[in-house]
Amino acid sequence: MTDAERFEQLRTNCLACTRCSLRQGCQNVVFGTGPVPADILFIGEGPGEQEDLSGEPFVGPAGRLLNDYLCAVGIERESVYIANIVKCRPPHNRDPLPEEQEACIPWLRAQTKLVHPKIIVCLGRIAAMRIIRQDFRITREHGQWFEKGAFSITATFHPSALLRNPQNRSAAYEDFILIAERRAALYGRQRD
Ligand code: SF4
């Protein structure tokens, strides 16, 4: 089986997942989107309303803001993989519970293995606390880099948080500049 076939199988299995109760309250399992492999894996916390309805991560206003940042630093959205810690929408957009994250994280691990990025970017504190460190403080530690195994990992503000708190937008822009620089350093040039 090729990696592409493995990934398709993974998606099919994930779309049928009922491992936690979030599936009962959502319209769609939002698996993720992007090329496989990809240079960068962006990880958010979970689908919102628009994402739940469309089945795609980071659509709607937060997704458009993410697109703006990517565009501003010369990264094509189509060239990166985008996923979430949990694939089903938590009710009323609440934070995913630890047991829901625990149930869902094997899907993300399997995705990561096949997407094979050198760079992982956590979008917001929930993803950063899960991927980098439980006591991660997004306001103090965004833009810092952590080397874990084969991955260079960083975190920046979640686009939804930036919509609520625009005062952090310039700091987020600085983070995206660093992400683009790290990508150039690790890959030499952008993939076609
Ligand atoms: S959130 Fe994850 S673990 Fe829970 S049902 Fe959806 S895909 Fe399965």
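Attention in this report is confined to the structure presented alongside it. Everything quoted here is computed from the prediction, not taken from an experiment.

1. Side note on the overall build of the protein
Along the backbone of the protein there are eight helices and five strands. Of the regular secondary structure in the protein, the N- to C-terminal order runs α-β-α-α-β-α-β-α-α-β-β-α-α. Computed over its C-alpha atoms, the radius of gyration of the protein comes to 16 Å, within 12% of the 16 Å expected for a compact globule of 192 residues. Considered along the principal axes of its C-alpha atoms, the protein spans approximately 40 × 40 × 30 Å. When each of the 192 residues of the protein is scored for burial, the buried share is 41%. Taking as baseline every contact in the protein between residues at least 6 positions apart, the subset at least 24 positions apart corresponds to 72%.

2. Some remarks on helix H8 (residues 169-187)
Each α-helix winds once per 3.6 residues, and so residues spaced three or four apart point in a common direction. In this model H8 runs 27 Å from its N-terminal to its C-terminal C-alpha over 19 residues, within 8% of the 27 Å that 1.5 Å per residue would give. Packing partners of the buried residues in H8 comprise strand E1 (40-44), helix H3 (60-72), strand E3 (119-123), strand E5 (151-156) and helix H7 (159-164). Directly beyond the C-terminal end of H8, a positive phi value near 80 degrees is found at glycine 188.

3. Notes on the sheet that holds E3
Read across the sheet, five strands follow the order E2-E1-E3-E5-E4 without closing on themselves; strand pairing throughout is mixed. At either end of the open sheet lies a strand with only one pairing partner, and these are strand E2 (81-84) and strand E4 (145-148). Neighbour-to-neighbour, the strand axes of the sheet open up by a mean angle of 25 degrees, direction not taken into account. As judged from the five bridges shared by E3 and E5, these two strands associate in the parallel manner. Among the inter-strand pairings, cysteine 122 is bridged to a residue of E5, identified as alanine 155. Where H8 meets the sheet, its contacts fall on E1, E3 and E5, and the angle it forms with E5 comes to roughly 165 degrees.

4. Overview of the nonpolar core
Core analysis: the biggest nonpolar cluster contains 47 residues, and Leu41, Ile43 and Cys122 have the highest contact counts within it. The set of elements that each furnish at least two residues to this core consists of E1, H3, E2, helix H4 (98-115), E3, helix H5 (125-131), E5 and H8. Ignoring any residue separated from it by four or fewer positions in sequence, one finds isoleucine 43 in contact with Ala83, Asn84, Ile85, Ile120, Cys122, Leu123, Ala127 and Ile131.

5. With respect to the site of the ligand
Of all residues adjacent to the ligand, which total 15 residues, the nearest are Cys17, Cys20, Arg23, Cys88 and Cys104. Residue composition of the shell around the ligand, by class: 10 nonpolar, one polar and four charged.

6. Looking at unusual backbone geometry
Put simply, valine 36 and proline 37 share a cis peptide bond, and its omega is 0 degrees. Its location among the elements puts proline 37 in the loop between helix H1 (3-15) and E1. With a phi angle near 55 degrees, phenylalanine 58 is a residue other than glycine that sits in the positive phi range. Checked against the element boundaries, phenylalanine 58 lands in the loop between helix H2 (49-54) and H3.

7. Focus: the pairing of E1
Buried residues dominate E1, accounting for five of its five residues. With burial as the criterion, each face of E1 is covered, one bearing Ile40, Phe42 and Gly44 and the other bearing Leu41 and Ile43. By the bridge criterion, four bridges tie E1 to E3 in an arrangement that is parallel. Counted as the bridge partner of isoleucine 43 is cysteine 122 from E3. Pairing between E1 and E2: four bridges, direction parallel. If you follow phenylalanine 42 over to E2, its bridge partner there is isoleucine 82.

Basis of the calculations
Residues numbered from 1 in each chain as written. Predicted model: local features only at pLDDT ≥ 70, side-chain atom pairs only at ≥ 80, totals over all residues. Helix = DSSP H or I, 4+ residues; strand = E, 2+ residues; numbered from the N terminus. Rg over C-alpha atoms; globule rule 2.2 N^0.38 Å. Buried ≥ 20, exposed ≤ 12 C-beta atoms within 10 Å, placed from the backbone. Contact = placed C-beta atoms within 7 Å. Expected span 1.5 Å × (residues − 1). Pairing = 2+ DSSP bridges. Axes fitted to C-alpha atoms, helices over the stretch in contact; angles between N-to-C directions. Core = buried A, V, L, I, M, F, W, Y, C linked by C-beta atoms within 7 Å. Near = placed C-beta within 6 Å. Nonpolar A, V, L, I, M, F, W, Y, C, P; charged D, E, K, R; others polar.

Without other data, these values stay purely geometric and don't point to any function.
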